[in-house]
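Residue-level structure breakdown
Here are the chains, one letter per residue:
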Amino acid sequence: MSTLVVIIPAYNEEENIGDVIREIPRQLDGIDRTFVLVIDDGSRDRTVELAREAGADFIVQHRHNRGLAVSFRDGLDAALSLGADVIVNTDGDNHYDQSRIPELVEPIIAGEADIVIGSRQIGGLSQMTFARRWGNRLANSIFRILYGLPPDTDISSGFRAYSRDAALRLSVTSKYTYTHETLISALDHRLTIASKLIPARDVTRPSRLMSSVGSHVFRAGSVAFMSFVVHRLFRVLTAASAVLVLAGAVLWVRFLYFFLSGDGGGHLQSLVAASLAIILGAFLLTAAFFAAILAKNRQLIEEMLYQQRKQLHEHDTDLTLPEVPAELTAVTKVAPED
Ligand SMILES: Nc1nc2c(ncn2[C@@H]2O[C@H](COP(=O)(O)OP(=O)(O)OP(=O)(O)O)[C@@H](O)[C@H]2O)c(=O)[nH]1
Ligand SMILES: [Mg+2]
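The text that follows walks through the structure, step by step, so that each part is easy to find. These figures come from a predicted structure and were not determined experimentally. (Residues numbered from 1 in each chain as written. Chains lettered and ligands numbered in written order. Predicted model: local features only at pLDDT ≥ 70, side-chain atom pairs only at ≥ 80, totals over all residues. Heavy atoms only, no water.)

1. Examining a nonpolar patch on the surface
A cluster of nonpolar side chains, namely V245, W252, L256, F259, L260 and I278, defines an oily patch on the protein surface of about 550 Å² accessible area. At 5 residues, helix α8 (residues 213-260) tops the list of elements feeding residues into the nonpolar patch. Its location among the elements puts W252 in helix α8. (Patch = residues over 30% accessible without salt bridge, like charges linked within 9 Å, V, L, I, M, F, W, Y side chains within 5 Å. Areas by Shrake-Rupley, 256 points an atom, 1.4 Å probe, with all protein chains shown as cover. Salt bridge = Lys/Arg side-chain N within 4 Å of Asp/Glu carboxyl O. Helix = DSSP H or I, 4+ residues; strand = E, 2+ residues; numbered from the N terminus.)

Structure below.
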């Protein structure tokens, strides 16, 4: 039996959550059953009530606002507990066209991709502010250059499908946004990422996620930068070390040339610069080896987490939801299967 779970992280989404849930197709080729799971992140409006009315099957409820990234990982875990073979994440603001979910799911069912991103046509979003539009484009270009992603990949789109294996493997450590970190983590795990162009709708309500474009650029940028550092530090440090050692060697040869021609005394500065560059290069190389050791540890920890999650969810096809601290979270089975 193949199961699709559509997860919706929601924070004060009473305006749109009903429409979003009602638009989700329940009959999909290659899928036997579809569940809708809402992660309510301490909403203070009628999000939960309206999600129930609109037909949400499960609601994971945080008593307090814990942030989108935490809610997303909780959503993945709850979906895995429900026996999900494919997980689709969508937003609660009606930004994405839920009727196109089959297109997101199809490459995963066909075994052609582990993650499929519904890339919005950003140019077609007339209500998106100039700063956000260009911010998104710049971030997409940086990721394309650094990670070789296909040209139309919309890295901050939340409209994505994940295979069960991808959901078991992804780690989310950020407290803010998960979109960039999960992509970097997926690339590190050699998961196959596909992108499908699925135009999004304009949203006029204020963002629940970002207080201002400036703070979003800073916070999301920090998450992306830290993920880059965590995953690519060895390469960056060895490259910087190679440049310094090479520059030092050239300066040394230059000094040697003048020295042998009897003019060494006039070129002591290049000797000092060369030595400094080589010492700094050697220092960076040492740091690179420490980074490599840390990376090995991270990989082992991630492999352990993967095996642990796999074991935990191995027999989860009977709709048991995860044990969660009652203080923080309540899990409601809205419409249990008969
Ligand atoms: N769980 C949880 N969800 C949140 C939080 N902030 C935002 N969300 C949800 O995350 C989704 C994305 O938030 P949005 O406010 O739409 O973010 P946005 O600024 O419009 O960004 P894009 O939709 O990517 O353009 C929505 O479903 C929100 O309800 C939060 O603190 N916790
Ligand atoms: Mg949105």
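Following the structure, the description resumes.
2. A closer look at the packing of aromatic side chains
The tally for this structure, following the rule as stated, stands at 11 aromatic pairs. Aromatic side chains F72 and Y178 sit 3.8 Å apart centroid to centroid with 5° between the ring planes, which places their arrangement in the stacked category. Of the two residues, F72 sits in helix α3 (residues 68-81) while Y178 sits in the loop between α6 (164-169) and α7 (179-188), which places them 106 residues apart along the sequence. By relative accessible area, which is 0% here, F72 ends up buried. Its relative accessible area of 1% is what places Y178 among the buried residues. Between F255 and F259, the ring centres sit 5.9 Å apart and the planes meet at 25°, which makes this aromatic pair stacked. (Phe/Tyr/Trp six-rings, centres within 6.5 Å; stacked < 30°, edge-to-face > 60°. Buried < 20%, exposed > 50% of the residue type's maximum accessible area, 1.4 Å probe, protein only.)

3. Some points on unusual backbone geometry
In terms of backbone geometry, most residues other than glycine have negative phi values and most peptide bonds are trans. A positive phi angle is found at N12, which is not glycine, with a value near 50°. You can see N12 is positioned in the loop between β1 (3-10) and α1 (17-23). The phi dihedral of R190 falls on the positive side, at around 60°, and the residue is not glycine. Mapped onto the elements, R190 comes out in the loop between α7 and β7 (193-197).

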